[in-house]
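An overview of the molecular structure
The chain contents come next:
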Amino acid sequence: MDLGINGKIALVTAASRGLGRGCAEQLASENCRVAICARDEAAVKQVAADISTATDSEVIGIGADVSQIEDIDRLLAETRQSLGDPDILVTNAGGPPPGTYASTAIEDYQRALDLNLMSAVHLIRGVTPAMQSRGWGRIIAITSISVKQPIGTLLLSNMARAGLTGFLKTIATELAPDGITVNALLPGTHQTSRIDQLIQHRAEQENRTREEIMQEMTAANPTRTIGEPSDFGAAAAFLASAQANYITGQSLLIDGGSYKGLL
Ligand code: NAD
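I will try to describe carefully the structure that is included in this document. Values in this document were obtained by computation on a predicted structure and should not be read as measured data.

1. Details of the overall build of the protein chain
Along its length, the protein chain carries eight helices and seven strands. Since a compact globule built from 263 residues should have a radius of gyration of about 18 Å, the 18 Å found for the protein chain is in line with a globular shape. In terms of principal-axis extent, the alpha carbons of the protein chain reach across some 55 × 40 × 35 Å. Expressed as a percentage of its 263 residues, the buried residues of the protein chain come to 47%. Restricting to contacts in the protein chain with at least 6 residues of sequence separation, those with at least 24 account for 75%. For the protein chain, the computed accessible surface area is about 12200 Å², with 52% contributed by carbon and sulfur atoms. For the protein chain, the centre of its 21 positive side-chain charges and the centre of its 29 negative side-chain charges are spaced 4 Å apart.

Here it is, written out as structure tokens:
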């Protein structure tokens, strides 16, 4: 299916690996012109070159930390200068450190809000004026299954992503008349370095091996597999498509059916 986004300009943040990279690869495969960022400038430029070679699309890499407003402003300025104003924005950032109410220090809360909530707010505020004047835009935020089903050991993630979800749902209504859709993609368990870190943390806390925990997670998923960044990226590409013009204000789980609730 032609997704109707050939030549569109896409910005995907935190995309040197994992789910962000999966989204950038799929958008580049649809012939979007893509900007990606991560904190390590050399690494993200190399990844951009690799995706460009693999997809034969223009992909640029920009060093930027999305928890810093000045980096976001520079990221947007460099993207505009190299490619133009983004038509498609995928907001992503690294996950906050694991922790419970008992183990989380007060100063960690603000850091998590800057990383996983305010980064998306700044990015969205930066791209919407041009989308509004064009009458077309796609905003996709990577959040987490924790929005529907909070995870006991990820207090900061649960809090920041719930706040972002409230922001996204509100602006989806406000931006719909301008032809801009706003949706969230909720990863369940996908094979990335973030999951490796969380497995390591659990292995230490529970005094078990990483392999045991990985087997348990795989067996617990109805598909008996762990998700791939490419499955996730394919969903992002669809939400960015011309065909998805009537889908907005949604939180879509990509979790192999692991969420047990009805809605
Ligand atoms: P990952 O660790 O594999 O990749 C994170 C990416 O973000 C890397 O490219 C890294 O360089 C970049 N990054 C980290 N901090 C950044 C910053 N401050 N500024 C710019 N770039 C930054 O993680 P992932 O598994 O792809 O997860 C992406 C997001 O989805 C995270 O917020 C994670 O918590 C969330 N999530 C992931 C899963 C999963 O199963 N993988 C499940 C639920 C939620």
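Okay, back to it.
2. Focus on the side chain of S146
Relative to the assigned elements, S146 resides in the loop between β5 (137-142) and α5 (155-175). In contact with S146, not counting residues within four places along its chain, are I151, S157, N158 and R161.

3. Brief notes about the pairing of strand β3 (residues 59-63)
β3 sits mainly inside the fold: five of its five residues count as buried. Of the two faces of β3, the one carrying V59, G61 and G63 and the one carrying I60 and I62 are both buried. Judged from the five bridges that link them, strand β2 (residues 33-38) and β3 form a sheet pairing that is parallel. Looking across to β3, one finds that A35 is bridged to I60. Handedness of the β-α-β unit built from β2, helix α2 (residues 41-55) and β3 comes out right-handed.

4. Remarks on helix α4 (residues 106-134)
Over its 29 residues, α4 extends 42 Å from the first C-alpha to the last, a length consistent with the 42 Å expected when each residue adds 1.5 Å. Of all the bends in α4, the greatest, near 45°, is centred on M118. Within two residues after α4, G135 carries a phi angle of roughly 75°, on the positive side.

5. Some points on the packing of helix α6 (residues 193-206) against helix α7 (residues 210-220)
With their axes 9 Å apart at the nearest point, α6 and α7 run at an angle of 115° to one another. Here the hand of the crossing between α6 and α7 comes out right-handed. Contacts from D196, I199, Q200, R202, A203 and E206 of α6 reach α7 at R210, I213, M214, E216 and M217. Per-class residue counts for the contact of α6 with α7 are five nonpolar, one polar and five charged.

6. Focus on the sheet that holds β5
Ordered in space as β3-β2-β1-β4-β5-β6-β7, the seven strands form an open sheet in which the pairing is parallel. Here the strands that pair on one side only, and so sit at the sheet edges, are β3 and β7 (251-254). Put simply, the sheet's adjacent strands are angled 20° from each other on average, direction ignored. As paired elements, strand β1 (residues 9-12) and β2 share four bridges and run parallel to each other. Each bridged residue has a counterpart across the sheet, and for A10 the counterpart in β2 is V34. Packed onto the sheet, helix α3 (residues 69-82) meets β1, β2 and β3 and runs at close to 155° relative to β3. Its contacts with the sheet put α4 on β1, β4 (88-91), β5 and β6 (180-187), and the angle it makes with β4 is roughly 175°.

Cut-offs and rules
- Residues numbered from 1 in each chain as written.
- Predicted model: local features only at pLDDT ≥ 70, side-chain atom pairs only at ≥ 80, totals over all residues.
- Heavy atoms only, no water.
- Helix = DSSP H or I, 4+ residues; strand = E, 2+ residues; numbered from the N terminus.
- Rg over C-alpha atoms; globule rule 2.2 N^0.38 Å.
- Buried < 20%, exposed > 50% of the residue type's maximum accessible area, 1.4 Å probe, protein only.
- Contact = heavy atoms within 4.5 Å.
- Areas by Shrake-Rupley, 256 points an atom, 1.4 Å probe, with all protein chains shown as cover.
- Lys, Arg positive; Asp, Glu negative; His and termini not counted.
- Charge placed at Lys NZ, Arg CZ, Asp CG, Glu CD.
- Pairing = 2+ DSSP bridges.
- Right-handed = clockwise from strand over helix to strand, strands pointing away.
- Expected span 1.5 Å × (residues − 1).
- Bend = angle between axes of the 7 residues up to and from the residue.
- Axes fitted to C-alpha atoms, helices over the stretch in contact; angles between N-to-C directions.
- Left-handed = near helix turned anticlockwise from the far one by under 90°.
- Nonpolar A, V, L, I, M, F, W, Y, C, P; charged D, E, K, R; others polar.

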